[in-house]
Amino acid sequence: MEAKQENLFDTLRPGAKVGIVGIPPRDVIGRLNARDAHILDLDEPQLKADMELTAPWLPRVYCAILRTAVLNALHLRLDMIFIDVGPGKCDCAFHVSTVLQDILPIPVIRTRNEDDAAFGHPLCATKMALLEKFKRITAGVQSAAPYDGAQFPPCRPTAGFWGVPPRDFSLLALFPDTTHVYGWTRCMENKTPADWELEAQFNAEVPTVFFAQSFCAKTALAKFLAAKHPHGLFLDADVTCSSSTRAKIQAFLELSGVPHAAR
Amino acid sequence: MLLADFGTSYCKFLDAAGPAGTPYLLATKDLPRDLRVDLATGHNARRFSDHYVNELTALARGGEELIAAPDYVLLDCGSRDIKFVSYRQGKLADMGWNSECGASMGFTIELLESYYHLDYNSLAVPANTFSITCGVLGMSHIFDAVTSGISEAEAVARFVKGIALNAYRFCGSPETLHLSGGLCANPLFVGSFPCRVIPLGRFVLIKGLEKTIRDSL
């Protein structure tokens, strides 16, 4: 964050609506928490509006997470946006920040999150419906407080999900509760989004789906790691989870002998 | 016990309890509305049965029944989509299902034969091809070629070869390809693959359903 933007925090009233894209540094989140700011994760769908409304500013063939962020930013009455553009996010976010700075009348502040203090990732390895697990992990971005790891003991994994939180969480409903989470989502819970070594880890012992959003640079890493994994499936999806995407996951789990939720 | 693979253009049936167990075909547009089957796969399956096996699973299990080799690639080319499973050392290694960019390939091939009054049995595999990723979008190549003086038969043959090459790349460009689906009976399509092709016919998914039944007993 640039020095001249430091005093912007002082302009925030309690309850101010602040949008975040990616994972801004913990220091930023801590300051927003201290000012009782209402943090909204713009990477997630926050409203029902047509994605086509972003077409004047972003190509249709673009990361669905960032298209969602722009859609949210256009429609929510925000006071400020923090958008992470460092190694913990992506170049696409940097370019989106340029667009948002131009079209919005509010401060749009770029950050580079290179936090390296590990908070742990208990949710990633605990027994819990995968969809609920992701909801909790993504909600965790809005707080700088440490976790109570003992609350979520690890379970023996039967499957793995590597990757980013998908734009459409419905695809997570297909996995068993004993699915361990890897990739950037694990970095997210650990509050070290730029930890590439942690991001590249997987468990070769369990069948694993390597997921990335279509048109995201991480598709290359997902495909690469899926090929390295003895029992991995590379998967990408755009805005919503199509029936063929759903069937791929279902068949992969079924043919790998993993009990799964969907029939 | 009636098993069925509900495809976009054709549906395949097998009465597993019937004599000799010979599978048969029905055009999808001719299906009785009140039809019910015991176990089904295919995109329309849930309309006609309470017991559904997804197409990739049925394809994989069909491959396990029909292919003795431990390493193989099995590609199913349907009217609306293409899908494949790849096995290494007898275990699933990769899979794919393309219902968007591979859309309507089989359907378009059948449509073109009828529209231009062609017979795929008499068309030679062309030397040239079109770069095609989608049956619908690929049609414009045919129209452009015909406009430039290329015969309709040659243009359609290039289109079919383009579709075969696209499907071949989609399933990982194997040296040997096991082919499933109605296009197994199309010599132009089969001959357009740049690899050895072993056609398994259009009842591979039905074989997979048979295996599902047997495994559940």
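Residues numbered from 1 in each chain as written. Chains lettered and ligands numbered in written order. Predicted model: local features only at pLDDT ≥ 70, side-chain atom pairs only at ≥ 80, totals over all residues.

Draft legend 1. Region of the structure containing the overall build of chain A. The helix and strand inventory of chain A stands at nine helices and eight strands. Against the globule reference of 18 Å for 263 residues, chain A gives a C-alpha radius of gyration of 18 Å, in line with a compact fold. The principal-axis extents of the C-alpha atoms in chain A amount to approximately 55 × 45 × 30 Å. Within chain A, buried positions represent 44% of all 263 residues. At a minimum sequence separation of 6, the contacts of chain A that also span at least 24 residues come to 68%. (Helix = DSSP H or I, 4+ residues; strand = E, 2+ residues; numbered from the N terminus. Rg over C-alpha atoms; globule rule 2.2 N^0.38 Å. Buried ≥ 20, exposed ≤ 12 C-beta atoms within 10 Å, placed from the backbone. Contact = placed C-beta atoms within 7 Å.)

Draft legend 2. The overall build of chain B, seen in detail. Helix and strand content of chain B: seven helices and nine strands. For chain B, the spread of C-alpha atoms along the three principal axes comes to 60 × 45 × 30 Å. Restricting to contacts in chain B with at least 6 residues of sequence separation, those with at least 24 account for 59%.

Draft legend 3. Region of the structure containing the interface of chain A and chain B. Each partner contributes residues to the interface: chain A has eleven residues there, and chain B has ten residues. No other element matches the eight residues that helix α9 (residues 243-255) of chain A contributes to the side of chain A that touches chain B. Per-class residue counts for the side of chain A that touches chain B are five nonpolar, four polar and two charged. (Nonpolar A, V, L, I, M, F, W, Y, C, P; charged D, E, K, R; others polar.)

Draft legend 4. Region of interest: the pairing of strand β2 (residues 38-41) of chain A. All names here are of chain A. When strand β1 (residues 17-21) meets β2, the two strands line up parallel, connected through four bridges. Each bridged residue has a counterpart across the sheet, and for I20 the counterpart in β2 is D41. Tracing the backbone out of β1, into helix α1 (residues 26-34) and back to the parallel element β2 gives a crossover that is right-handed. (Pairing = 2+ DSSP bridges. Right-handed = clockwise from strand over helix to strand, strands pointing away.)

Draft legend 5. Molecular detail of the sheet that holds strand β4 (residues 39-41) of chain B. Residue and element names in this part refer to chain B. Strand order in the open sheet formed by four strands is β3-β2-β1-β4, with mixed pairing between adjacent strands. The sheet terminates laterally at β3 (24-27) and β4, the two strands that pair on one side only. On average, each strand axis in the sheet is inclined to that of its neighbour by 20 degrees, with strand direction left out of account. (Axes fitted to C-alpha atoms, helices over the stretch in contact; angles between N-to-C directions.)

Draft legend 6. Spatial organisation of the nonpolar core. Counting residues in each nonpolar core, the largest one holds 125 residues, and the members touching the most others are I81(A), W162(A), V209(A), F210(A), L75(B), V85(B) and V160(B). Per-element tally for this core: the top contributor is helix α5 (residues 152-170) of chain B, with eight residues. (Core = buried A, V, L, I, M, F, W, Y, C linked by C-beta atoms within 7 Å.)

Draft legend 7. Spatial organisation of the packing of α9(A) against helix α2 (residues 55-66) of chain B. Where α9(A) contacts α2(B), the axes come no closer than 8 Å and their chain directions differ by 40 degrees. Here α9(A) lies oblique to α2(B), going by the angle between them. Of α2(B), the residues touching α9(A) (which contributes A247(A), K248(A), A251(A), E254(A) and L255(A)) are E55(B), L56(B), T57(B) and A60(B). (Parallel < 35°, antiparallel > 145°, perpendicular 65-115°, else oblique.)

Draft legend 8. Looking closely at the domain arrangement of chain A. Residue and element names in this part refer to chain A. Segmentation of chain A into domains returns domain 1 (3-111) and domain 2 (122-255). Look at where the C-alpha atoms of domain 1 and domain 2 centre, and you get two points 24 Å apart. Between domain 1 and domain 2, the residue contacts involve 21 residues of the former and 16 residues of the latter. When contributions to the side of domain 1 that touches domain 2 are tallied by element, the ones reaching two or more residues are α1, β2 and α2 (64-75). (Domains from an automatic or database assignment.)

Draft legend 9. Local environment of helix α3 (residues 105-115) of chain B. All names here are of chain B. Among all positions in α3, only M105, G106, T108 and I109 are buried. The buried residues of α3 occupy an angular sector of 165 degrees when projected down its axis, which confines them to one face. Of the exposed residues in α3, the ones pointing more than 90 degrees away from its buried face are S114 and Y115. One or two residues past the end of α3 sits H117, with phi positive at roughly 55 degrees. (Arc of directions from axis to C-beta.)

Draft legend 10. Here's a closer look at the environment of K17(A). All names here are of chain A. Residue position: K17 is located in strand β1. Take K17: there are 16 C-beta atoms within 10 Å of it, and that puts it in the partly exposed class. In this structure, the C-alpha to C-alpha distance between K17 and R110, residues 93 residues apart in sequence, is 17 Å.

Draft legend 11. Spotlight on the domain arrangement of chain B. All names here are of chain B. What the domain assignment reports for chain B is domain 1 (1-55 + 204-217) and domain 2 (68-199). For domain 1 versus domain 2, the separation of C-alpha centres amounts to 25 Å. Across the contact, six residues belong to domain 1 and nine residues belong to domain 2. Grouping the amino acids of the side of domain 1 that touches domain 2 by side-chain chemistry returns two nonpolar, three polar and one charged.

Draft legend 12. Broad picture of the sheet that holds strand β4 (residues 108-111) of chain A. Residues and elements named next belong to chain A. Spatially, β2-β1-β3-β4 is the arrangement adopted by the four strands of the open sheet, whose pairing is parallel. Looking at which strands have only one partner, the edges of the open sheet turn out to be β2 and β4. Neighbour to neighbour, the strand axes of the sheet diverge by 25 degrees on average, direction disregarded.

Draft legend 13. Quick look at the pairing of strand β7 (residues 91-98) of chain B. Residue and element names in this part refer to chain B. Of the strand pairs in this sheet, strand β6 (residues 82-88) and β7 are connected by seven bridges, and their pairing is antiparallel. By the bridge assignment, I82 is partnered in β7 with N98. Connecting β6 to the antiparallel partner β7 that follows it, the hairpin turn spans two residues, and Q89 within it adopts a positive phi of roughly 50 degrees.

Draft legend 14. Expanded view of the environment of L183(B). Residue and element names in this part refer to chain B. Looking at the secondary structure, you find L183 in the loop between β8 (176-180) and α6 (187-191). A count of 27 C-beta atoms within 10 Å places L183 in the buried class. For the pair L183 and S79, spaced 104 residues apart in sequence, the C-alpha separation works out to 9.0 Å. Excluding anything up to four places from it in sequence, L183 contacts C77, G106, I109 and F189.

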